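# Coordinate inspection notes
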Amino acid sequence: NAGVTQTPKFQVLKTGQSMTLQCAQDMNHEYMSWYRQDPGMGLRLIHYSVGAGITDQGEVPNGYNVSRSTTEDFPLRLLSAAPSQTSVYFCASSYSEGSYTEAFFGQGTRLTVV
Amino acid sequence: GNSVTQMEGPVTLSEEAFLTINCTYTATGYPSLFWYVQYPGEGLQLLLKATKADDKGSNKGFEATYRKETTSFHLEKGSVQVSDSAVYFCAQRPAAGTALIFGKGTTLSVSS
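Heads up: these notes are all about the structure in this document. Computed from a prediction, not measured in an experiment: that's the story for all the values here.

When you go through chain B residue by residue, the secondary structure sums to zero helices and twelve strands. Traced from its N-terminal end to its C-terminal end, chain B shows the element sequence β-β-β-β-β-β-β-β-β-β-β-β. Taken over C-alpha atoms, the radius of gyration comes to 13 Å for chain B, in line with the 13 Å a tight globule of 112 residues would show. Long-range pairs, those at least 24 residues apart, make up 54% of the contacts in chain B between residues at least 6 apart in sequence. Here chain B displays about 5100 Å² of accessible surface, and carbon together with sulfur accounts for 48% of that area. Between the mean site of the 9 positive side-chain charges and the mean site of the 10 negative ones, chain B shows a separation of 9 Å.

Structural data, given as structure tokens:
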């Protein structure tokens, strides 16, 4: 059982480049989300989805796009990378949006924008 | 709004010492509360959770009790080990919301 899989694990981009961070889960979870982790800031929510075809913005959505065409996949797109987007990105999924359900996290993608 | 505040680190302890990491929350309604742990180079793993007032979550010797009257969910362990060195995150999932809200994390370093 793979759980939540993120690719790539590491990435270096030049300012202005675009790229997609991939996230896939095999647990048939409805709810998926993207967070970024920065020193001293904890985890901040970028975007989330409560099911296929439904997405919404989190706390820090600017510069990022998402789509959810299938239950399994929730890619995060950086439209034009900026040094401020250097961070560690985590994808998470959970069974439902109920308050009691835990979230399962991927291993993270460490992105550096130069 | 909903938020989570946890004690700043780093916390440095000797093996077998007692650990407390404080966590308080603000919320509308009654959220579920979680502690996640992140080992070096890895993603977050659920350590324990509590879904209603007075619930005690426990796992791997760690405990935390959901205290509605003090809006707290402090993490404790009676005797830490070097392998407990990690970053610990307190989080809430609001009763009416969908996203986990995290504290800033507390780094624990245990030496032998």
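Read on, since the account is not over.
Further remarks concern the interface of chain A and chain B. Opposite the 22 residues of chain A that make contact, chain B presents 22 residues. The junction of chain A with chain B conceals about 1700 Å² of combined surface from both sides, 53% of it contributed by carbon and sulfur atoms. Inspection of the region where chain A meets chain B yields zero salt bridges. Here chain A and chain B share four residue pairs in polar contact (both at pLDDT 80 or more) between them. Broken down by secondary-structure element, the contributors of at least two residues to the side of chain A that touches chain B are β4 (31-38), β5 (42-51) and β9 (87-94) of chain A. Among the elements that make up the side of chain A that touches chain B, the one with the highest residue count is β5(A) (five residues). For the side of chain A that touches chain B, the residue count by class is eleven nonpolar, nine polar and two charged.

The subject of this paragraph is the state of the cysteines. All names here are of chain A. For the structure on display, the rule yields two disulfides over all chains. In this model Cys23 forms its disulfide with Cys91; the gap between the sulfur atoms is 1.9 Å. On the sign convention where negative means left-handed, the S-S torsion of about -70 degrees between Cys23 and Cys91 marks this disulfide as left-handed. A residue pair is termed long-range when its members are at least 10 positions apart, and Cys23 in strand β3 (residues 19-25) and Cys91 in strand β9 qualify at 68 residues.

Evaluation of the coordinates by the stated rule reveals eleven aromatic pairs over all chains. Arranged with centres 5.9 Å apart and planes meeting at 40 degrees, the rings of A:Tyr31 and A:Tyr48 form a pair that is tilted. Here A:Tyr31 is found in strand β4, whereas its partner A:Tyr48 is found in strand β5, with 17 residues between them in sequence. In this structure, A:Tyr31 and A:Tyr48 share a single accessibility class: buried. Chaining the aromatic ring pairs together yields one cluster made of A:Tyr35, A:Phe105, B:Phe34, B:Tyr36, B:Phe89 and B:Phe102.

Another point: the pairing of strand β6 (residues 54-57) of chain A. Residues and elements named next belong to chain A. Pairing geometry for β5 and β6, over three bridges, is antiparallel. Each bridged residue has a counterpart across the sheet, and for Tyr48 the counterpart in β6 is Asp56. Here β5 folds back onto β6, and the loop between the two strands holds two residues, one of which, Gly53, carries a positive phi near 85 degrees.

It is characteristic of soluble globular proteins that their nonpolar side chains tend to be buried jointly. Residue and element names in this part refer to chain B. Residues Leu19, Trp35, Leu47, Leu48, Phe73, Leu75 and Tyr88 are the most contacted members of the largest nonpolar core, which totals 25 residues. When contributions to this core are tallied by element, the ones reaching two or more residues are β2 (11-14), β3 (19-21), β4 (23-26), β5 (32-38), β6 (44-50), β8 (62-65), β10 (86-93) and β12 (106-111). Not counting the four nearest positions on each side in its chain, Phe73 is found in contact with Cys23, Leu33, Phe34, Trp35, Leu48, Lys49, Ala50, Ala64, Thr65, Tyr66 and Cys90.

Now for the pattern of salt bridges. By the definition in use, this model includes five salt bridges over all chains. A:Arg36 is the salt-bridge partner of A:Asp38, the closest N and O atoms lying 2.8 Å from each other. This pair shows no difference in class: A:Asp38 is buried, exactly as A:Arg36 is. The salt bridge partner of B:Asp55 is B:Lys52, with a shortest N-O separation of 3.3 Å. A single salt-bridge network, built from bridges that share partners, covers A:Arg36, A:Asp38 and A:Arg44.

Conventions we followed
- Counting from 1, residues in each chain are numbered in the order their sequence is written.
- Starting at A for chains and at 1 for ligands, labels are handed out in the order in which the entities are written.
- Residue-level local features of this predicted model are given only where pLDDT is at least 70; pairs of side-chain atoms are given and counted only at 80 or more, and the full residue set underlies all totals for whole chains, interfaces and linings.
- Derived side-chain values reflect all non-hydrogen atoms in the structure, with water molecules and hydrogen atoms excluded from consideration.
- Helix and strand assignments come from DSSP, with helices taken as H or I runs of at least 4 residues and strands as E runs of at least 2, each series counted from the N terminus.
- Within these notes, the globule rule equals 2.2 Å times the number of residues to the 0.38 power, and the radius of gyration is based on C-alpha atoms.
- Only heavy atoms matter for contacts: two residues are in contact if any of them lie within 4.5 Å across the pair.
- The protein chains shown are the only cover counted for residues, whose accessible areas, like all others here, come from Shrake-Rupley with a 1.4 Å probe.
- By the counting rule applied here, Lys and Arg register as positive and Asp and Glu as negative, while His and the ends of each chain are not counted.
- All charge positions are set by atom: Lys at NZ, Arg at CZ, Asp at CG, Glu at CD.
- Take the accessible area each of two parts loses on contact, using a 1.4 Å probe, and add the two losses: that sum is the buried area.
- A pairing counts as a salt bridge when a side-chain nitrogen of Lys or Arg comes within 4 Å of a carboxyl oxygen of Asp or Glu.
- Under the rule applied, a polar contact is a pair of N or O atoms within 3.5 Å (in protein, one hydrogen donor and one hydrogen acceptor; residues adjacent in sequence only if both atoms are side-chain atoms).
- Put simply, Ala, Val, Leu, Ile, Met, Phe, Trp, Tyr, Cys and Pro go in the nonpolar bin, Asp, Glu, Lys and Arg in the charged bin, and everything else, Gly too, in the polar bin.
- Any pair of cysteine sulfurs within 2.5 Å is marked as a disulfide.
- When two rings of Phe, Tyr or Trp (its six-membered ring) have centres within 6.5 Å they constitute a pair, described as stacked for plane angles under 30 degrees, edge-to-face for angles over 60, and tilted for the intermediate range.
- Exposure is judged per residue with a 1.4 Å probe applied to protein chains only, and the accessible area is read against the type maximum: over 50% gives exposed, under 20% gives buried, and values in between give partly exposed.
- When DSSP finds two or more bridges between two strands, those strands count as paired.
- Here, nonpolar core refers to any group of buried Ala, Val, Leu, Ile, Met, Phe, Trp, Tyr and Cys residues whose side-chain atoms link them within 4.5 Å.

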